[in-house]
Amino acid sequence: MSLTAGIVGLPNVGKSTLFNAITNSKVEAANYPFATIEPNVGVVEVKDERLTNLSKLFEPERTIYTTFEFTDIAGLVKGASTGEGLGNKFLANIREVDAICHVVRCFEDNNITHVYDRIDPVDDIEIINYELQMADISTCENRISKVKTKAQTAKDKTAVFEYNLLVKINDALNKNQNIRTLTFNKEEKEYLKQFNFLTAKPVIYVCNIKEEEINNPESSTYFMKVKEYAEKEGSQVVPISAKIEEELSDLSKEEKQEFLDELGITRSGLDELIAKSYATLGLETFFTVGKDECRGWTFKTGMSAPQCAGIIHTDFEKGFIKAEVYRYEDIMEYKTEAKLKEVGKLRLEGKDYHPVDGDIMFFRFNN
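Note that this is a predicted model, so its numbers are computed, not measured. (Residues numbered from 1 in each chain as written. Predicted model: local features only at pLDDT ≥ 70, side-chain atom pairs only at ≥ 80, totals over all residues. Heavy atoms only, no water.)

If you trace the backbone, isoleucine 274 turns up in helix α10 (residues 269-280). In this structure, the C-alpha to C-alpha distance between isoleucine 274 and alanine 338, residues 64 residues apart in sequence, is 35 Å. Ignoring sequence-local partners within four residues, the contact set of isoleucine 274 consists of Val44, Glu45, Val46 and Phe70. (Helix = DSSP H or I, 4+ residues; strand = E, 2+ residues; numbered from the N terminus. Contact = heavy atoms within 4.5 Å.)

On the basis of which strands lie adjacent, the open sheet formed by six strands has the order β2-β4-β1-β5-β6-β7 and mixed pairing. Two strands lie at the open edges of the sheet, namely β2 (41-45) and β7 (236-240), each paired on one side alone. Between one strand axis and the next, the sheet turns through 25 degrees on average, direction left out of account. Pairing analysis gives four bridges linking strand β1 (residues 4-8) to strand β4 (residues 67-72), with the strands arranged parallel. Residue pairing for β4: alanine 5 is matched across the bridge by phenylalanine 70. Here α10 sits on the sheet in contact with β2, β4, β5 (99-105), β6 (203-208) and β7, set at roughly 170 degrees to β7. (Pairing = 2+ DSSP bridges. Axes fitted to C-alpha atoms, helices over the stretch in contact; angles between N-to-C directions.)

The next subject is the environment of proline 239. Among the structural elements, proline 239 can be located in strand β7. Distance from proline 239 to serine 145, taken between C-alpha atoms, is 43 Å for residues 94 residues apart in sequence. In this structure proline 239 touches Cys207, Ile209, Ile214, Pro217, Phe223 and Gly269, once residues within four positions along its chain are discounted.

What follows concerns the side chain of glutamate 284. Within the secondary structure, glutamate 284 sits in strand β8 (residues 283-288). Buried glutamate 284, no salt bridge; nearest opposite-charge side chain is arginine 327, N-O distance 8.0 Å. Within the structure, the side chain of glutamate 284 is placed 3.4 Å from the backbone nitrogen of aspartate 357, a separation counted as a polar contact. Apart from residues no more than four positions distant in its own chain, glutamate 284 is found in contact with Tyr278, Trp297, Thr298, Phe299, Thr301, Pro355, Val356 and Asp357. (Buried < 20%, exposed > 50% of the residue type's maximum accessible area, 1.4 Å probe, protein only. Lys, Arg positive; Asp, Glu negative; His and termini not counted. Salt bridge = Lys/Arg side-chain N within 4 Å of Asp/Glu carboxyl O. Polar contact = N/O pair within 3.5 Å; in protein donor to acceptor, adjacent residues only side chain to side chain.)

Close contact between helix α4 (residues 121-154) and helix α7 (residues 221-233) brings their axes to 8 Å; oriented N to C, the two are set at 40 degrees. Comparing their axes, α7 and α4 come out oblique. Judged by residue contacts, Pro121, Val122, Ile125, Glu126 and Asn129 of α4 engage Tyr222, Lys225, Val226 and Tyr229 from α7. Its residues assigned to classes, the contact of α4 with α7 comprises six nonpolar, one polar and two charged. (Parallel < 35°, antiparallel > 145°, perpendicular 65-115°, else oblique. Nonpolar A, V, L, I, M, F, W, Y, C, P; charged D, E, K, R; others polar.)

Attention shifts here to the environment of leucine 165. Mapped onto the fold, leucine 165 is located in helix α5 (residues 157-174). Overall, the relative accessible area of 3% leaves leucine 165 in the buried class. It is 7.4 Å that separates the C-alpha atoms of leucine 165 and glutamate 188, two residues lying 23 residues apart in sequence. Among all residues touching leucine 165, those that are not within four sequence positions of it are Phe184, Glu188, Tyr191 and Leu192.

With 59 residues, the main nonpolar core has Phe70 and Tyr205 as its most contacted residues. Per-element accounting of this core gives the leading share, six residues, to α4. Within the second largest apolar cluster, 19 residues are counted, among which are Cys140, Val147, Leu165 and Leu192. (Core = buried A, V, L, I, M, F, W, Y, C linked by side-chain atoms within 4.5 Å.)

Applying the stated rule across the entire model yields 11 aromatic pairs. Plain terms: the ring middles of phenylalanine 195 and phenylalanine 197 are 5.5 Å apart, the flat faces sit at 25 degrees to each other, and that makes the pair stacked. Under the relative-accessibility criterion, phenylalanine 197 is labelled buried at 3%. Pairing phenylalanine 316 with phenylalanine 365 gives two aromatic rings, centres 4.2 Å apart and planes at 35 degrees, and the pair type is tilted. (Phe/Tyr/Trp six-rings, centres within 6.5 Å; stacked < 30°, edge-to-face > 60°.)

On to the pairing of β6. With six of its six residues buried, β6 lies for the most part within the structure. Side chains of β6 alternate between two faces, with Val203, Tyr205 and Cys207 and Ile204, Val206 and Asn208 buried alike. In terms of strand pairing, β5 meets β6 through six bridges, oriented parallel. Each bridged residue has a counterpart across the sheet, and for valine 103 the counterpart in β6 is valine 206. Pairing of β6 with β7 involves five bridges; the strand directions are parallel. Pairing of cysteine 207 across the sheet is with proline 239, part of β7.

What follows is about α4. Taking 1.5 Å per residue, 34 residues should reach 50 Å; α4 reaches 48 Å between its end C-alpha atoms and fits that length. Valine 147 marks the point of greatest bend in α4, at about 40 degrees. Just past α4, the residue lysine 155 takes up positive phi, approximately 55 degrees. (Expected span 1.5 Å × (residues − 1). Bend = angle between axes of the 7 residues up to and from the residue.)

On any regular strand, side chains alternate: one points to one face of the sheet, the next to the other face. Across the six residues that make up β8, a large majority, six, are buried. Neither face of β8 is open: one carries Leu283, Thr285 and Phe287, the other Glu284, Phe286 and Thr288, and all of them are buried. Sheet topology places β8 next to strand β9 (residues 293-300); six bridges connect them, and they run antiparallel. Counted as the bridge partner of phenylalanine 287 is glycine 296 from β9.

See below:
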């Protein structure tokens, strides 16, 4: 399952430094089949401690963690929605991603010039939000002009539905509201997918703070302003030091842990960003285990057992019979699958089962 988050931000906010850290941390190509990685895409392993522990238990020949993609989006300036700078490329690239990681400068440094000669992270956020809103307004108005006559004169049900929905969205956008903050029913949500609106995409605000604030980000006035802004629209916020992340990306696993301990934090900002990206996109992980391989698989919350089987191979979904399922917590307690069977912790699930995060599964299927 290939989902990606796009990294956006104004110039000199730390976007490139963060992306450099991501690309330095990228997964080995051998562990990321099925794709040719473009220069502006960084694929990182999702360091899941559960899979590490499963590998210690099963001692497989190889361990394959799940992966997540970050795309470095072209820089933005005011007027991007009308084609200024690299505006058209910027907007086109954002349409292709599933979520937006908006890097915001939350530090002062006289040696690094701010493009607008001031440090105001909320204003920086609103510059980009405005450009995305203007692009969405253009999409809305173009479509409204095409469907309006049919909706008002022919009384076509589909046209009336679309017209009313787009007018609702357009009104909100003109009031400086992002589409992701609006409420829609199931039918409306499904219909909106075809338009790929920019402000409908979930956002994670990545606050690039000073190194000395990393173990206490709430001491940063700038960070707290962004956190308050994010909470109002129901978005996630992650504090990072892009410089620290770049340093961490060059270290071995042991050196990285020592550095984190010295900093007084439990995990890196990049690991936190990956976790928040997973949560924002409604992603979870199931595992397959054995002597040959222990592996994590990414799935969307609510998927059925056959659909999860299809992530491994389409034949598994087509010929799905049953799934043998047990929990990560149970195998760590009882140590062997034989013991799990003995105590009734291993069960068979059918097509109606919806896996949950931390399930360990073996799929039975017809060829």
